[in-house]
Amino acid sequence: MAALPETHDCEWRGEAERLKGELIAAQDRLGTIEQQLEKLQRHVFGKRSEKMPSVADELRRFNGAPSREQTLNRRRENRQRKAELPEREIKHEVPANERRCPKCGKTDLKKVGAGKKTVVYEYVPGHFEKQVHLQETLACTCGECLVVAAAPARPIEGGQYGPGLIAHIVTSKCADSMPLYRLAGAYQREGIPIARTTLGDLFHAAARELTPLWDRLLALIAQRRLVLADETPIRVLDKGKTRKGYLWTFRTARGSGENELIGYCFSPTRSGDTPKKVLGGTQGYLMVDGYTGYNRVTLPEGRTRLGCWAHARRDVFDSLKTSPEAQELLDLIRDLYRVEHEAKASGILGTEAHSELRRERSSKIIQDIERWLAEQKKMHPPKSPLGEAISYIEGQWPALTRFLENARLPLDNNASEGALRVPVLGRKNFLFVGHDEGGERLAGLYSLVATCKANGVNPQAYLADVLVRMKSHPAKNLDDLLPHRWATAVADSS
């Protein structure tokens, strides 16, 4: 058989290469579409067991059921919480027609001890009251002067609503994600009709009064060596329609030995201006995902960036359907968390012993992950689901492995993502904020309420107190009114 002319051979090889390239591109697109379809189906129709399990669930399955001691400790804690509830004794007397022996009919019955005890846990609804304050008025015999007792302290000058009511409005919206129109309905049932517009006015009035506190909270967060940050979209009303704004959270790490501080900021865009405004000019570490908006504060002269293994794990899990071999990487990431779990169980978090544990075990796991990435990268096109997950991890590699430098550095950004759960629930319930200024005030009150909850402070009691004290409290001692300092002051005074 005669050989093909060299020209035709080159054309044939070129056409084959072109078709091969198109095939690879089509396979990439197909894999991406399959991943998107599977992810959407899992989100909309999937059972909870089909969704990505948390690292804690993975560790529980890996380590087995909780020990008997752990179970007993949980039960003991639950009993202690119940024992701390306010207790009211209700006496039940035997009716007069039953105060006789059912056998002999005698009526001279005697009491036996304190009686039979039955414990019932009940909900007692809160209530409103109309307070009528009578200010004593004294007249001098000279007929010239009157002495009048001081009026009750009110957070809003000239207002007829007390600090407890305003604190309840703020707590209901910022802690319980209740829209104001639902709150107005609840108040109506309790016999105090307040229009939704009035509730909105009181909410914004509280935000204006407390602005110095959340500004100070963000300033203190920026002073911390380690800050965790994240952001989520929120709708803003704009001329009959809505547009997208963003709610940012900046918080300190859990278990750092210091009080947890959580701050929020609203911005009309997702640009890096907000991180720059909050953290610009500060040094330390910043735990975030791969979003480039944080680059303005993590450049060489700014904070050192930490990568989030939970985010990387999420991308790998999303590729599992089309690339089952991704399970190997998920297992390696789980092993990283297992080291942290053991450090926590041993009570050595953040210590030199924890650093040693990371050097001995975590560093080896990181090496195994690096080898796995290098091997699998050759077999998965960059645009395939697993290829994109690998590219993300490799692009974040210095930030993802920086936790090995210091035992106080966390593996992930779950704490700041967790701080956005309440705002995300609120976003579903009240849909949008009325304007940018409203978004800023909502973020400020979220900051105070979230910091209260992080430090075990009742936000209702805290807000009712500081709303009255803000007007007369010395500006130089403003920190005493922040949630974590307020709790200590209350404990000391009691």
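Residues numbered from 1 in each chain as written. Predicted model: local features only at pLDDT ≥ 70, side-chain atom pairs only at ≥ 80, totals over all residues. Heavy atoms only, no water.

Draft legend 1. Layout of the overall build of the protein chain. A tally of helices and strands in the protein chain yields 17 helices and eight strands. The buried share among the 494 residues of the protein chain stands at 39%. Residue pairs at least 24 apart in sequence account for 63% of intrachain contacts in the protein chain once pairs closer than 6 positions are excluded. Here the protein chain has roughly 30,600 Å² of accessible surface; of this, 52% comes from carbon and sulfur atoms. (Helix = DSSP H or I, 4+ residues; strand = E, 2+ residues; numbered from the N terminus. Buried < 20%, exposed > 50% of the residue type's maximum accessible area, 1.4 Å probe, protein only. Contact = heavy atoms within 4.5 Å. Areas by Shrake-Rupley, 256 points an atom, 1.4 Å probe, with all protein chains shown as cover.)

Draft legend 2. View of the pattern of salt bridges. Summed over the entire model, instances satisfying the criterion amount to 22 salt bridges. Note that aspartate 479 and arginine 216 form a salt bridge whose closest N and O atoms lie 2.7 Å from each other. In this pair, aspartate 479 sits in the loop between α16 (459-469) and α17 (483-493) while arginine 216 sits in helix α6 (residues 196-223), placing the two residues 263 residues apart along the sequence. On the basis of relative accessible area, aspartate 479 is assigned to the buried category, the value being 18%. (Salt bridge = Lys/Arg side-chain N within 4 Å of Asp/Glu carboxyl O.)

Draft legend 3. Broad picture of the packing of helix α4 (residues 163-174) against helix α5 (residues 180-189). Where α4 contacts α5, the axes come no closer than 10 Å and their chain directions differ by 130°. Classed by the angle they form, the pair α4 and α5 counts as oblique. By crossing handedness, the relation of α4 to α5 is classed as right-handed. Between α4 and α5, the residues in contact are Leu165, His168, Ile169, Ser172 and Lys173 and Leu180, Leu183 and Tyr187, respectively. Of the residues belonging to the contact of α4 with α5, the class tally is five nonpolar, two polar and one charged. (Axes fitted to C-alpha atoms, helices over the stretch in contact; angles between N-to-C directions. Parallel < 35°, antiparallel > 145°, perpendicular 65-115°, else oblique. Left-handed = near helix turned anticlockwise from the far one by under 90°. Nonpolar A, V, L, I, M, F, W, Y, C, P; charged D, E, K, R; others polar.)

Draft legend 4. Region of interest: the pairing of strand β3 (residues 226-238). Sheet topology places β3 next to strand β6 (residues 285-287); three bridges connect them, and they run parallel. Following the sheet pairing, valine 227 is matched in β6 by leucine 286. Examined bridge by bridge, β3 and strand β4 (residues 241-251) share 11 bridges and lie antiparallel to one another. Across the sheet, leucine 237 pairs through a bridge with threonine 242, a residue of β4. Joining the antiparallel neighbours β3 and β4 is a turn of two residues, in which lysine 239 adopts a positive phi near 50°. Judged from the two bridges that link them, β3 and strand β8 (residues 432-433) form a sheet pairing that is parallel. Note on β8: the bridge partner recorded for arginine 235 is phenylalanine 432. (Pairing = 2+ DSSP bridges.)

Draft legend 5. Molecular detail of the side chain of arginine 358. With respect to the helices, strands and loops of the structure, arginine 358 is situated in helix α10 (residues 352-377). We classify arginine 358 as buried; its relative accessible area is 2%.

Draft legend 6. Summary view of the side chain of serine 323. Tracing the backbone through its elements, the reader meets serine 323 in the loop between α8 (309-318) and α9 (326-345). According to the relative accessible area criterion, serine 323 is buried, its value standing at 6%. Non-local contacts of serine 323, meaning those with residues more than four positions away in its chain, are made with His380 and Leu386.

Draft legend 7. Looking closely at the packing of aromatic side chains. Per the stated rule, a full pass over the model turns up five aromatic pairs. Centroid distance tryptophan 248 to tyrosine 294: 5.8 Å. Interplanar angle 80°. Geometry classified as edge-to-face. On the criterion of sequence distance, the pair formed by tryptophan 248 in strand β4 and tyrosine 294 in the loop between β6 and β7 (304-306) is long-range, its members being 46 residues apart. Like tyrosine 294, tryptophan 248 is buried. Their ring planes at 90° and their centres at 5.9 Å tell us that tyrosine 291 and tyrosine 294 sit as a pair that is edge-to-face. Judged by its relative accessible area of 0%, tyrosine 294 falls in the buried class. By the ring-pair criterion, three or more aromatic residues cluster together here, those being Trp248, Tyr291 and Tyr294. The ring of phenylalanine 203 carries the charged tip of lysine 173 above its face, separated from the ring centre by 4.8 Å. (Phe/Tyr/Trp six-rings, centres within 6.5 Å; stacked < 30°, edge-to-face > 60°. Lys NZ or Arg CZ within 6 Å of the ring centre and 35° of its normal.)

Draft legend 8. Looking closely at the packing of α4 against α16. Here α4 crosses α16 at 130°, and the two axes come no closer than 8 Å. Judged by the angle between their axes, α4 and α16 are oblique. In the packing of α4 onto α16, the handedness of the crossing is right-handed. For the pair formed by α4 and α16, the contact residues are Pro163, Gly164, Ile166, Ala167, His168, Val170 and Thr171 on the first element and Pro459, Gln460, Leu463, Ala464, Leu467 and Val468 on the second.

Draft legend 9. Expanded view of the pairing of strand β5 (residues 262-267). Among the six residues that make up β5, six are buried, leaving the element largely enclosed by the rest of the structure. Along β5, one buried face is formed by Ile262, Tyr264 and Phe266 and the opposite face, lined by Gly263, Cys265 and Ser267, is buried too. In this structure, β4 lies alongside β5, joined through six bridges in antiparallel fashion. When the bridges of β5 are listed, threonine 249 appears paired with tyrosine 264.

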